[in-house]
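Below are the chains, spelled out letter by letter.
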Amino acid sequence: MHTIRPISRDRVYEFAVRGQCGAGWMEGEHAEAYHQEPGVDPNSVTETYVALNLSVDNWRWQDVPFYLRTGKRLPAKVSEASIQFRPVPHQSFSSSAIGDWAPNRLVIQIQPCEGILIRFQAKRPGADIRLSPVDMRFSYKEAFKISPPEAYETLLLDVMRGDATLFMRADQVEAAWNVVTPILEGWKAVSPEVFPTYPAGAWGPEAAQILIAKDGRSWLMPTCYESQDPACEEGRWADQKG
């Protein structure tokens, strides 16, 4: 937390995007915009979506961008960390062999399908050399054949046991607020002419796509969502109206 590069208030819009959920369609049902919900101010500028571009200034992560996004009423309730590896300077294979080439990735799947995935290139069967991306997966559910306890079951048990392993320390909380407070202050100081919105069931506002496209990149689709994992299907619409 202490090595995250600070974002000054006057440069917030270069590294952070916010948005508010608008009306849309989810699972065949019409969903109202956030400001149309009961008890919400029709002129509310409360964000329901945030995307960030952060840098960590230490020896391990120097010059590695961290892109984070979270929001309400996205297409799926899914949490994962995806680490995409840089290409090597020299490509050993001919252009005809790498038509389906994709960067290698290490994906830590947090919820709803807990596990680890490594995506790399493999040679297709046959005499010709043709590479395609393949996945090597570890799934908690498949490996141990039992359903893990609900998150709050574990946390409440740890509280009773006095085990603080899964909890943030006070100084860690303060360090996290030191990162986001200048962003909140920058947003409060300068209101956009048009508050960014996104329809319910979308992955966020267009401004979030522009944020990452400036670096020549695009957001990665969550792996358990793109693979139609049954566990992801079970939780896909669980929290979309919350």
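Residues numbered from 1 in each chain as written. Predicted model: local features only at pLDDT ≥ 70, side-chain atom pairs only at ≥ 80, totals over all residues. Heavy atoms only, no water.

Participant: What is the right way to look at the nonpolar core in this model?
Facilitator: Side chains that are nonpolar tend, in soluble globular proteins, to be buried together. The biggest cluster of nonpolar side chains holds 19 residues, and the ones touching the most others in it are Tyr49, Ala51, Trp203 and Ala208. Looking at this core, the elements that each hand over two or more residues are β1 (16-22), β4 (49-55), α5 (206-213) and α6 (223-226). Setting aside chain neighbours within four positions, we find Ala208 in contact with Val17, Tyr49, Ala51 and Trp219. Core analysis: the next-biggest nonpolar cluster, separate from the first, contains 10 residues, Ile4, Val12, Leu54 and Val179 among them. (Core = buried A, V, L, I, M, F, W, Y, C linked by side-chain atoms within 4.5 Å. Buried < 20%, exposed > 50% of the residue type's maximum accessible area, 1.4 Å probe, protein only. Helix = DSSP H or I, 4+ residues; strand = E, 2+ residues; numbered from the N terminus. Contact = heavy atoms within 4.5 Å.)

Participant: Which parts of the structure should I look at to understand the confidence of the model for the protein?
Facilitator: Detailed reading of the predicted coordinates is not advisable wherever pLDDT falls low. Averaged over all residues, the pLDDT of the protein equals 87, while 93% of them reach at least 70. Across the protein, element-level confidence peaks in β4 with a mean pLDDT of 97 and bottoms out in helix α7 (residues 230-235) with 49. In the predicted structure, residues 234-242 sits below a pLDDT of 50 and forms 19 contacts with residues beyond four places in sequence or in another chain. (pLDDT = per-residue confidence, 0-100.)

Participant: Would you mind showing me how to read the pattern of salt bridges here?
Facilitator: When the charged atoms of two side chains with opposite charge come close together, those side chains can pair. Scanning the entire structure with this criterion turns up seven salt bridges. With its nearest N and O atoms 2.8 Å apart, the salt bridge here joins Arg5 to Asp57. One end of the pair, Arg5, is in the segment before α1 (12-15); the other, Asp57, is in the loop between β4 and β5 (65-71), and 52 residues separate them in sequence. With a relative accessible area of 36%, Arg5 lands in the partly exposed category. Arg169 serves as the salt-bridge partner of Asp171, at 2.6 Å between the closest nitrogen and oxygen. Among the residues examined, Asp171 registers a relative accessible area of 35% and is labelled partly exposed. Taking the relative accessible area as the measure of exposure, Arg169 reaches 56% and is therefore exposed. Here the salt bridges share partners, and the residues they tie into one network are Arg119, Asp135 and Arg137. (Salt bridge = Lys/Arg side-chain N within 4 Å of Asp/Glu carboxyl O.)

Participant: Help me understand the packing of aromatic side chains, please; the structure alone is not making it clear to me.
Facilitator: The way to describe two aromatic rings as a pair is by their centre distance and the angle between their planes. This structure, assessed with the given rule, holds six aromatic pairs. Geometrically, the ring pair formed by Phe138 and Tyr140 is edge-to-face, given 4.9 Å between the ring centres and 65° between the ring planes. For Tyr140, a relative accessible area of 41% translates into the label partly exposed. When the ring of Phe138 is compared with that of Phe144, the centres are 6.3 Å apart and the planes differ by 85°; the resulting orientation is edge-to-face. The exposure class of Phe138 is partly exposed, given its relative accessible area of 29%. By way of ring pairs, the aromatic residues Phe138, Tyr140 and Phe144 are connected into one cluster. (Phe/Tyr/Trp six-rings, centres within 6.5 Å; stacked < 30°, edge-to-face > 60°.)

Participant: What is the right way to look at the environment of Glu14 in this model?
Facilitator: Its location among the elements puts Glu14 in helix α1. Sequence separation between Glu14 and Leu211 is 197 residues; the distance between their C-alpha atoms is 7.5 Å. In contact with Glu14, not counting residues within four places along its chain, are Leu211 and Lys214.

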